[in-house]
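Descriptive structure summary
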Amino acid sequence: MGSVLVSWGTALPEKVVTNHDLASYLDTSDQWVTERTGIRERRIGGSTASLSVEASQRALERVGLAGSDIDLIVLSTTTADQMVPGTSADVSAQLGTRGGAMDINAACAGFVYALVVANGMLGPNTPRALVIGADTLSRITDWDDRSTAVLFADGAGAVVLEYREGPGNLLGWDLGVDGSARRFLYCDHGSTLKMEGREVFRKAVRAVVDSCEKVLSSAGLKASDIALCVPHQANIRIIEAANERLGIPMERTAVVLDRTGNTSSGSVPLALADAADAGRINEGDLVLMCGFGAGMTWSSAILRWGS
Ligand code: UT7
(Lines give C-alpha, C1' and ligand atoms only; values in the text may rest on other atoms or scores of the structure.)
Protein backbone atom coordinates (compact mmCIF):
# COMPACT_ATOMS: atom_id res chain seq x y z
CA MET A 1 0.00 0.00 0.00
CA GLY A 2 1.14 3.52 -0.60
CA SER A 3 0.15 6.98 -1.66
CA VAL A 4 0.56 9.31 -4.60
CA LEU A 5 0.60 13.11 -4.45
CA VAL A 6 -2.03 14.20 -6.97
CA SER A 7 -2.47 17.94 -6.36
CA TRP A 8 -1.22 20.99 -4.53
CA GLY A 9 -2.34 24.52 -3.62
CA THR A 10 -1.06 27.49 -1.64
CA ALA A 11 -2.29 30.58 0.18
CA LEU A 12 -0.44 33.72 1.19
CA PRO A 13 -1.93 36.77 2.92
CA GLU A 14 -2.35 39.87 0.77
CA LYS A 15 -0.32 42.20 2.96
CA VAL A 16 3.32 42.43 1.86
CA VAL A 17 5.90 43.59 4.43
CA THR A 18 9.28 44.44 2.90
CA ASN A 19 12.65 44.68 4.62
CA HIS A 20 12.40 48.46 4.07
CA ASP A 21 9.10 48.48 5.99
CA LEU A 22 10.81 46.77 8.94
CA ALA A 23 13.86 49.03 8.70
CA SER A 24 11.56 52.05 9.02
CA TYR A 25 11.11 51.30 12.74
CA LEU A 26 13.71 48.61 13.65
CA ASP A 27 17.51 48.94 13.91
CA THR A 28 18.04 46.87 10.77
CA SER A 29 18.46 47.34 7.01
CA ASP A 30 17.36 45.75 3.76
CA GLN A 31 21.02 44.99 3.06
CA TRP A 32 21.58 43.16 6.37
CA VAL A 33 18.44 41.04 6.07
CA THR A 34 19.00 40.20 2.40
CA GLU A 35 22.66 39.28 2.87
CA ARG A 36 22.21 37.31 6.12
CA THR A 37 18.94 35.54 5.29
CA GLY A 38 17.99 35.91 1.61
CA ILE A 39 14.59 37.29 2.66
CA ARG A 40 13.38 40.43 0.84
CA GLU A 41 9.71 40.48 1.79
CA ARG A 42 7.12 38.40 3.59
CA ARG A 43 3.30 38.13 3.83
CA ILE A 44 1.41 38.83 7.03
CA GLY A 45 -2.24 38.20 7.90
CA GLY A 46 -5.10 35.73 8.10
CA SER A 47 -5.64 32.87 10.51
CA THR A 48 -4.13 29.40 10.31
CA ALA A 49 -7.58 28.01 9.44
CA SER A 50 -8.34 30.60 6.75
CA LEU A 51 -4.98 30.08 5.00
CA SER A 52 -5.39 26.30 5.29
CA VAL A 53 -8.85 26.41 3.74
CA GLU A 54 -7.71 28.66 0.88
CA ALA A 55 -4.69 26.46 0.06
CA SER A 56 -6.81 23.29 0.31
CA GLN A 57 -9.56 24.69 -1.95
CA ARG A 58 -6.94 25.46 -4.61
CA ALA A 59 -5.50 21.95 -4.30
CA LEU A 60 -8.98 20.40 -4.60
CA GLU A 61 -10.06 22.61 -7.51
CA ARG A 62 -6.94 21.74 -9.54
CA VAL A 63 -8.13 18.15 -9.82
CA GLY A 64 -11.90 18.70 -9.70
CA LEU A 65 -12.41 17.39 -6.18
CA ALA A 66 -14.73 18.63 -3.43
CA GLY A 67 -14.21 18.64 0.32
CA SER A 68 -16.56 15.67 0.56
CA ASP A 69 -14.06 13.61 -1.48
CA ILE A 70 -11.51 13.89 1.36
CA ASP A 71 -11.37 11.18 4.04
CA LEU A 72 -8.65 12.58 6.30
CA ILE A 73 -7.01 15.90 7.17
CA VAL A 74 -3.55 16.04 8.69
CA LEU A 75 -2.71 19.67 9.42
CA SER A 76 0.80 20.60 10.45
CA THR A 77 0.95 23.83 12.42
CA THR A 78 2.75 25.36 15.34
CA THR A 79 0.28 28.27 15.52
CA ALA A 80 -3.12 26.65 16.03
CA ASP A 81 -5.88 29.26 16.10
CA GLN A 82 -6.93 28.14 19.58
CA MET A 83 -5.93 25.55 22.19
CA VAL A 84 -9.11 23.52 21.66
CA PRO A 85 -10.41 22.37 19.24
CA GLY A 86 -7.64 21.64 16.76
CA THR A 87 -7.48 23.99 13.76
CA SER A 88 -8.03 20.95 11.53
CA ALA A 89 -11.59 20.68 12.96
CA ASP A 90 -12.42 24.19 11.69
CA VAL A 91 -10.81 23.43 8.34
CA SER A 92 -12.79 20.20 8.03
CA ALA A 93 -16.07 22.04 8.79
CA GLN A 94 -15.36 24.73 6.22
CA LEU A 95 -14.36 22.26 3.51
CA GLY A 96 -17.01 19.63 4.37
CA THR A 97 -14.55 16.73 4.56
CA ARG A 98 -15.39 13.21 5.83
CA GLY A 99 -13.43 11.05 8.25
CA GLY A 100 -10.92 12.29 10.78
CA ALA A 101 -8.91 15.48 11.13
CA MET A 102 -5.94 16.16 13.36
CA ASP A 103 -3.28 18.78 14.05
CA ILE A 104 0.40 17.89 14.22
CA ASN A 105 3.00 20.13 15.84
CA ALA A 106 6.59 19.34 14.89
CA ALA A 107 7.41 23.03 14.30
CA CYS A 108 9.09 23.86 10.98
CA ALA A 109 9.77 20.16 10.30
CA GLY A 110 6.03 19.47 10.57
CA PHE A 111 4.88 19.26 6.97
CA VAL A 112 7.01 16.19 6.25
CA TYR A 113 5.85 14.66 9.56
CA ALA A 114 2.24 15.22 8.41
CA LEU A 115 2.96 13.68 5.02
CA VAL A 116 4.43 10.57 6.63
CA VAL A 117 1.48 10.24 9.05
CA ALA A 118 -1.10 10.60 6.26
CA ASN A 119 0.78 8.17 4.03
CA GLY A 120 0.66 5.59 6.83
CA MET A 121 -3.08 6.08 7.40
CA LEU A 122 -4.27 5.84 3.81
CA GLY A 123 -5.88 2.57 2.74
CA PRO A 124 -8.96 1.15 1.01
CA ASN A 125 -11.28 2.72 3.62
CA THR A 126 -9.38 6.02 3.75
CA PRO A 127 -8.41 6.60 0.13
CA ARG A 128 -7.80 10.35 0.05
CA ALA A 129 -6.10 12.79 2.45
CA LEU A 130 -5.44 16.48 2.57
CA VAL A 131 -2.03 17.22 4.06
CA ILE A 132 -1.69 20.86 5.04
CA GLY A 133 1.24 22.91 6.31
CA ALA A 134 0.05 26.26 7.67
CA ASP A 135 1.36 28.82 10.09
CA THR A 136 0.69 32.37 11.18
CA LEU A 137 3.97 33.06 12.96
CA SER A 138 3.29 36.80 12.86
CA ARG A 139 0.94 36.24 15.81
CA ILE A 140 3.75 34.95 18.05
CA THR A 141 6.54 37.20 16.76
CA ASP A 142 7.87 40.11 18.80
CA TRP A 143 7.80 42.84 16.16
CA ASP A 144 10.25 44.92 18.21
CA ASP A 145 12.91 42.18 18.26
CA ARG A 146 15.03 42.60 15.14
CA SER A 147 16.64 39.17 15.53
CA THR A 148 13.31 37.39 14.89
CA ALA A 149 10.97 39.99 13.32
CA VAL A 150 12.91 39.95 10.05
CA LEU A 151 12.50 36.17 9.69
CA PHE A 152 8.99 34.99 10.47
CA ALA A 153 5.78 35.23 8.42
CA ASP A 154 2.46 33.63 7.47
CA GLY A 155 1.47 31.19 4.73
CA ALA A 156 0.09 27.77 3.88
CA GLY A 157 0.37 24.95 1.38
CA ALA A 158 -1.74 21.84 0.93
CA VAL A 159 -1.39 18.63 -1.04
CA VAL A 160 -3.84 15.84 -1.85
CA LEU A 161 -2.58 12.30 -1.30
CA GLU A 162 -4.37 9.33 -2.84
CA TYR A 163 -4.14 5.71 -1.83
CA ARG A 164 -2.80 3.32 -4.46
CA GLU A 165 -2.21 -0.41 -4.54
CA GLY A 166 1.52 -1.03 -4.68
CA PRO A 167 4.40 0.69 -2.94
CA GLY A 168 3.28 4.28 -3.54
CA ASN A 169 5.46 7.28 -4.28
CA LEU A 170 6.86 8.09 -0.83
CA LEU A 171 10.10 6.18 -1.18
CA GLY A 172 11.55 6.82 2.26
CA TRP A 173 11.57 9.19 5.20
CA ASP A 174 13.50 10.11 8.30
CA LEU A 175 12.00 11.89 11.31
CA GLY A 176 13.89 12.99 14.40
CA VAL A 177 13.83 15.14 17.51
CA ASP A 178 16.30 16.29 20.15
CA GLY A 179 14.24 17.73 22.98
CA SER A 180 17.35 18.74 24.90
CA ALA A 181 17.78 21.56 22.35
CA ARG A 182 14.45 23.16 23.34
CA ARG A 183 16.09 26.28 24.77
CA PHE A 184 17.42 27.42 21.39
CA LEU A 185 13.97 28.09 19.93
CA TYR A 186 10.68 28.15 21.81
CA CYS A 187 7.52 30.09 22.54
CA ASP A 188 5.72 29.71 25.87
CA HIS A 189 1.96 30.26 26.23
CA GLY A 190 1.05 33.93 25.89
CA SER A 191 4.59 34.87 24.85
CA THR A 192 6.58 35.35 21.64
CA LEU A 193 9.25 33.31 19.85
CA LYS A 194 12.67 33.32 21.53
CA MET A 195 15.64 32.14 19.51
CA GLU A 196 19.40 31.72 19.67
CA GLY A 197 19.83 32.13 15.95
CA ARG A 198 23.49 31.18 15.63
CA GLU A 199 23.01 27.92 17.52
CA VAL A 200 19.86 27.04 15.55
CA PHE A 201 21.79 27.74 12.34
CA ARG A 202 24.63 25.37 13.29
CA LYS A 203 22.35 22.59 14.45
CA ALA A 204 20.03 22.98 11.45
CA VAL A 205 22.77 22.42 8.89
CA ARG A 206 24.00 19.31 10.72
CA ALA A 207 20.48 17.90 11.21
CA VAL A 208 19.42 18.48 7.60
CA VAL A 209 22.59 16.93 6.16
CA ASP A 210 22.44 13.87 8.47
CA SER A 211 18.73 13.34 7.85
CA CYS A 212 19.00 13.69 4.06
CA GLU A 213 21.98 11.33 3.94
CA LYS A 214 20.02 8.81 5.99
CA VAL A 215 16.93 8.96 3.81
CA LEU A 216 18.96 8.78 0.59
CA SER A 217 20.83 5.75 1.84
CA SER A 218 17.65 4.00 3.09
CA ALA A 219 16.09 4.47 -0.36
CA GLY A 220 19.25 3.25 -2.09
CA LEU A 221 19.75 6.62 -3.81
CA LYS A 222 22.51 9.20 -4.25
CA ALA A 223 22.22 13.00 -4.13
CA SER A 224 22.75 13.05 -7.91
CA ASP A 225 19.48 11.06 -8.33
CA ILE A 226 17.48 13.93 -6.82
CA ALA A 227 15.85 16.16 -9.45
CA LEU A 228 14.66 18.77 -6.97
CA CYS A 229 15.47 19.51 -3.35
CA VAL A 230 12.69 21.28 -1.39
CA PRO A 231 14.20 22.50 1.88
CA HIS A 232 12.61 24.36 4.77
CA GLN A 233 12.73 28.06 3.88
CA ALA A 234 14.41 29.63 6.92
CA ASN A 235 17.64 31.16 5.64
CA ILE A 236 19.30 30.92 2.22
CA ARG A 237 22.68 30.46 3.93
CA ILE A 238 21.39 27.36 5.76
CA ILE A 239 20.11 25.95 2.45
CA GLU A 240 23.40 26.69 0.66
CA ALA A 241 25.53 25.22 3.46
CA ALA A 242 23.48 22.01 3.64
CA ASN A 243 23.35 21.68 -0.15
CA GLU A 244 27.11 22.07 -0.45
CA ARG A 245 27.70 19.25 2.03
CA LEU A 246 25.08 17.06 0.34
CA GLY A 247 26.34 17.80 -3.16
CA ILE A 248 23.04 19.22 -4.41
CA PRO A 249 23.41 22.32 -6.62
CA MET A 250 21.20 25.35 -6.00
CA GLU A 251 19.84 25.02 -9.57
CA ARG A 252 18.11 21.84 -8.35
CA THR A 253 16.66 23.50 -5.25
CA ALA A 254 13.32 25.21 -4.65
CA VAL A 255 13.59 28.63 -2.99
CA VAL A 256 10.71 30.98 -2.14
CA LEU A 257 11.98 32.53 1.09
CA ASP A 258 12.94 35.76 -0.68
CA ARG A 259 9.18 36.36 -1.13
CA THR A 260 7.69 34.47 1.83
CA GLY A 261 10.12 34.63 4.77
CA ASN A 262 10.01 31.70 7.16
CA THR A 263 6.44 30.36 7.27
CA SER A 264 7.31 27.28 9.37
CA SER A 265 4.92 24.46 8.35
CA GLY A 266 3.90 26.40 5.25
CA SER A 267 7.43 26.59 3.94
CA VAL A 268 8.02 23.19 2.29
CA PRO A 269 4.60 22.96 0.57
CA LEU A 270 4.89 26.60 -0.60
CA ALA A 271 8.29 25.86 -2.17
CA LEU A 272 7.08 22.54 -3.61
CA ALA A 273 4.02 24.16 -5.20
CA ASP A 274 6.08 27.04 -6.56
CA ALA A 275 8.42 24.61 -8.31
CA ALA A 276 5.53 22.47 -9.58
CA ASP A 277 3.66 25.53 -10.92
CA ALA A 278 6.83 26.67 -12.68
CA GLY A 279 7.09 23.29 -14.45
CA ARG A 280 10.32 22.42 -12.64
CA ILE A 281 9.15 18.90 -11.68
CA ASN A 282 8.49 16.21 -14.28
CA GLU A 283 6.76 12.83 -14.13
CA GLY A 284 9.04 10.34 -12.40
CA ASP A 285 11.36 12.95 -10.87
CA LEU A 286 12.66 12.30 -7.38
CA VAL A 287 11.96 15.15 -4.94
CA LEU A 288 13.80 15.42 -1.62
CA MET A 289 11.93 17.44 1.03
CA CYS A 290 13.60 18.34 4.30
CA GLY A 291 12.93 20.49 7.33
CA PHE A 292 14.16 21.40 10.79
CA GLY A 293 12.70 23.46 13.57
CA ALA A 294 11.99 24.03 17.22
CA GLY A 295 12.23 20.95 19.36
CA MET A 296 14.69 20.49 17.82
CA THR A 297 12.87 18.49 15.19
CA TRP A 298 14.00 17.45 11.73
CA SER A 299 12.48 15.50 8.87
CA SER A 300 13.20 14.43 5.33
CA ALA A 301 11.36 12.42 2.72
CA ILE A 302 11.83 11.35 -0.88
CA LEU A 303 8.84 11.46 -3.18
CA ARG A 304 8.54 10.20 -6.73
CA TRP A 305 6.56 12.81 -8.68
CA GLY A 306 3.55 11.83 -10.75
CA SER A 307 1.21 8.88 -10.93
O1 UT7 B 1 12.74 27.60 11.31
C2 UT7 B 1 13.85 27.62 12.13
C3 UT7 B 1 13.96 28.99 12.65
N4 UT7 B 1 15.15 29.66 12.79
C5 UT7 B 1 16.22 29.68 11.96
O6 UT7 B 1 16.39 28.96 11.03
C7 UT7 B 1 17.22 30.71 12.30
C8 UT7 B 1 18.62 30.25 12.11
N9 UT7 B 1 19.55 31.35 12.29
C10 UT7 B 1 19.69 32.33 11.38
O11 UT7 B 1 19.04 32.35 10.35
C12 UT7 B 1 20.73 33.40 11.65
O13 UT7 B 1 21.48 33.02 12.79
C14 UT7 B 1 20.12 34.81 11.87
C15 UT7 B 1 19.59 35.33 10.57
C16 UT7 B 1 19.03 34.76 12.90
C17 UT7 B 1 21.21 35.76 12.33
O18 UT7 B 1 22.27 35.80 11.39
P19 UT7 B 1 23.78 35.60 11.86
O20 UT7 B 1 24.62 35.76 10.68
O21 UT7 B 1 23.86 34.30 12.61
O22 UT7 B 1 23.97 36.84 12.81
P23 UT7 B 1 24.39 36.85 14.34
O24 UT7 B 1 23.29 36.34 15.19
O25 UT7 B 1 25.73 36.22 14.45
O26 UT7 B 1 24.52 38.40 14.56
C27 UT7 B 1 25.50 39.19 13.91
C28 UT7 B 1 25.25 40.64 14.25
C29 UT7 B 1 25.03 40.89 15.74
O30 UT7 B 1 25.64 42.09 16.09
P31 UT7 B 1 27.10 42.11 16.80
O32 UT7 B 1 26.93 41.31 18.05
O33 UT7 B 1 28.04 41.48 15.82
O34 UT7 B 1 27.33 43.57 17.02
C35 UT7 B 1 23.54 41.04 15.86
O36 UT7 B 1 23.15 41.84 16.95
O37 UT7 B 1 24.08 41.11 13.61
C38 UT7 B 1 23.21 41.73 14.56
N39 UT7 B 1 21.83 41.54 14.13
C40 UT7 B 1 21.23 42.37 13.26
N41 UT7 B 1 21.66 43.49 12.62
C42 UT7 B 1 20.80 44.08 11.79
C43 UT7 B 1 20.96 40.56 14.48
N44 UT7 B 1 19.79 40.73 13.84
C45 UT7 B 1 19.94 41.86 13.09
C46 UT7 B 1 19.08 42.55 12.20
N47 UT7 B 1 19.57 43.64 11.59
N48 UT7 B 1 17.83 42.13 11.94
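In this text, all values refer to a predicted model and were calculated from it rather than measured experimentally.

Observations regarding the overall build of the chain
Each helix and strand counted, the chain has 10 helices and 13 strands in total. Taking 19 Å as the expected radius of gyration for a compact globule of 307 residues, we find that the chain reaches 18 Å, a close match to that expectation. Once the C-alpha set of the chain is aligned to its principal axes, its extents read approximately 55 × 45 × 40 Å. Looking at the 307 residues of the chain, the share that counts as buried comes to 55%. In the chain, the share of contacts with a sequence separation of at least 24, taken over all contacts with a separation of at least 6, comes to 77%.

Some words on the side chain of Gln-233
Tracing the sequence through the fold places Gln-233 in the loop between β11 (228-231) and α8 (236-246). In this structure the side chain of Gln-233 is engaged in a polar contact, spanning 2.8 Å, whose partner is the backbone nitrogen of Val-256. Among all residues touching Gln-233, those that are not within four sequence positions of it are Ile-239, Ala-254, Val-255, Val-256, Leu-257, Gly-261, Asn-262, Ser-267 and Ala-271.

Here we look at the domain arrangement of the chain
Much of the literature gives interface size as the accessible area that the parts lose upon coming together. What the domain assignment reports for the chain is domain 1 (2-164) and domain 2 (170-304). Spacing between the C-alpha centres of domain 1 and domain 2 amounts to 15 Å. Contacts between the two partners involve 48 residues from domain 1, matched on the other side by 44 residues from domain 2. For the pair domain 1 and domain 2, the summed buried area comes to about 3,500 Å², and 68% of that belongs to carbon and sulfur atoms. Here domain 1 and domain 2 share zero salt bridges between them. Here domain 1 is connected to domain 2 by 15 residue pairs in polar contact (both at pLDDT 80 or more). Residue assignment for the side of domain 1 that touches domain 2 shows that the elements contributing at least two residues are β1 (2-11), α2 (30-37), β3 (41-44), α5 (110-121), β6 (128-136), α6 (146-149) and β7 (154-164). Here the residues of the side of domain 1 that touches domain 2 are counted per class, giving 24 nonpolar, 15 polar and nine charged.

Comments concerning the sheet that holds β11
Across the sheet, which stays open at both edges, the four strands sit in the order β8-β13-β12-β11 with mixed pairing between neighbours. Both outer strands of the open sheet, β8 (170-177) and β11, are each paired with one neighbouring strand and no more. This sheet shows a mean twist of 10 degrees between the axes of neighbouring strands, independent of strand direction. Note that strand β12 (residues 286-293) and strand β13 (residues 297-304) share eight bridges and pair antiparallel. When the sheet's bridge partners are listed, Met-289 is paired in β13 with Ala-301. This element, helix α7 (residues 197-218), spans β8, β12 and β13 of the sheet and lies at about 35 degrees to β13.

Rules and cut-offs
- Residues numbered from 1 in each chain as written.
- Predicted model: local features only at pLDDT ≥ 70, side-chain atom pairs only at ≥ 80, totals over all residues.
- Heavy atoms only, no water.
- Helix = DSSP H or I, 4+ residues; strand = E, 2+ residues; numbered from the N terminus.
- Rg over C-alpha atoms; globule rule 2.2 N^0.38 Å.
- Buried < 20%, exposed > 50% of the residue type's maximum accessible area, 1.4 Å probe, protein only.
- Contact = heavy atoms within 4.5 Å.
- Polar contact = N/O pair within 3.5 Å; in protein donor to acceptor, adjacent residues only side chain to side chain.
- Domains from an automatic or database assignment.
- Buried area = accessible area lost by both parts, 1.4 Å probe.
- Salt bridge = Lys/Arg side-chain N within 4 Å of Asp/Glu carboxyl O.
- Nonpolar A, V, L, I, M, F, W, Y, C, P; charged D, E, K, R; others polar.
- Pairing = 2+ DSSP bridges.
- Axes fitted to C-alpha atoms, helices over the stretch in contact; angles between N-to-C directions.

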